[in-house]
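For reference, the chains in residue letters:
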Amino acid sequence: MRKWTVGIASLALAATAVAVFSFSNAYAGDEHASGAQLGQAAPTFTLDAVRTGESVSLDQFADQNVVLIWQSIHCPWDKMREDGGYQRVLSPLAEKYQDQGIVFLAINSNKKETVEQIAAYATKHDIPYPILKDPGNLVADLYLAKTTPHIFIKGKDGTLVYKGGIEEVPTSPGKCGEMDEQFLVPVLDALVAGESLPYTSTQSKGCSIKRVK
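A few points on the structure. Computed from a prediction, not measured in an experiment: that's the story for all the values here.

So, how was this worked out
- Residues numbered from 1 in each chain as written.
- Predicted model: local features only at pLDDT ≥ 70, side-chain atom pairs only at ≥ 80, totals over all residues.
- Heavy atoms only, no water.
- Core = buried A, V, L, I, M, F, W, Y, C linked by side-chain atoms within 4.5 Å.
- Buried < 20%, exposed > 50% of the residue type's maximum accessible area, 1.4 Å probe, protein only.
- Helix = DSSP H or I, 4+ residues; strand = E, 2+ residues; numbered from the N terminus.
- Contact = heavy atoms within 4.5 Å.
- Pairing = 2+ DSSP bridges.
- Right-handed = clockwise from strand over helix to strand, strands pointing away.
- Disulfide = S-S within 2.5 Å.

A word on the nonpolar core
Next up, step 1: Core analysis: the biggest nonpolar cluster contains 35 residues, and Val 67, Phe 104, Tyr 129, Ile 151, Ile 153, Leu 184 and Leu 188 have the highest contact counts within it.
Next up, step 2: Those elements that provide at least two residues to this core are β4 (65-70), α3 (87-98), β5 (102-108), α4 (115-124), β8 (150-154), β9 (160-164) and α6 (184-193).
Next up, step 3: Aside from chain neighbours lying at most four places away, what touches Ile 151 is Val 67, Leu 68, Ile 69, Tyr 162, Lys 163, Gly 164, Gly 165, Ile 166 and Leu 184.
Next up, step 4: In terms of nonpolar packing, the next biggest core, distinct from the first, is built from 22 residues, Leu 58, Ala 140, Tyr 143 and Leu 160 among them.

Structure follows, in structure tokens:
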């Protein structure tokens, strides 16, 4: 299993890592993409939480189900807003399922959304889970994350068990959370019950991740 450690204060090293390991090519689908395949070990990483500055590693949750959410503070499909967006859906879901032993972690890989801006957003909207900053979008490239939001779930056995969206694709940000066919909630219910997942790969909907080129 490959492990990449990315700290907020290591932007120069992150940029070097992008050049040396060609993570931009990994996003396009070369041999590095094998690290984020369903049924295989979920790629581990260590990133800094924007509010506390503490390092958070996926390895900390080795025996737990972990929901990874790629997020943005500006994307209308994702950000907290009264008239739509998925944050208003994800916050209550996290509070519900965290009480049932499922860990939620958000990752922000957008190059122009700073640690300070994200921390202020998280505090203002009382986001009930850590938001981790991904300098140089290394972890986004490792997972092949594309949109905000984009969901990936690591199972208790350490494998990637789900990737995709929250529900069938809405027609607009105002319809987020209102579609007839839901994906994330049935998957989480199955994880809690120890049952087979009704979905493993679905289509995500959101803004593209604004990557460092």
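Looking at the pairing of β5
Next up, step 1: Buried residues dominate β5, accounting for 7 of its 7 residues.
Next up, step 2: The alternating pattern of β5 places Ile 102, Phe 104, Ala 106 and Asn 108 on one face and Val 103, Leu 105 and Ile 107 on the opposite face, and all of these are buried.
Next up, step 3: Two elements, β4 and β5, share 6 bridges in a ladder whose sense is parallel. Bridge pairing in β5 links Trp 70 to Ile 107.
Next up, step 4: The handedness of the β4 to β5 crossover, carried by α3, is right-handed.
Next up, step 5: In this structure, β5 lies alongside strand β6 (residues 131-133), joined through 3 bridges in parallel fashion. Across the sheet, residue Ala 106 finds its bridge partner in β6, namely Ile 131.

Describing the state of the cysteines
Next up, step 1: For the coordinates displayed, the defined rule picks out 1 disulfide.
Next up, step 2: Across the disulfide, Cys 75 is cross-linked to Cys 207 (sulfur-sulfur distance 2.1 Å). The disulfide joining Cys 75 to Cys 207 has a torsion of about 85 degrees about its S-S bond and is therefore right-handed. Of this pair, Cys 75 sits in the loop between β4 and α3 while Cys 207 sits in strand β10 (residues 207-208); the two residues are 132 residues apart in sequence, bridging distant segments of the chain.
Next up, step 3: For Cys 75, a relative accessible area of 3% translates into the label buried.
Next up, step 4: Cysteine Cys 176 is unpaired, with the sulfur of Cys 75 as its nearest cysteine sulfur at 8.5 Å.

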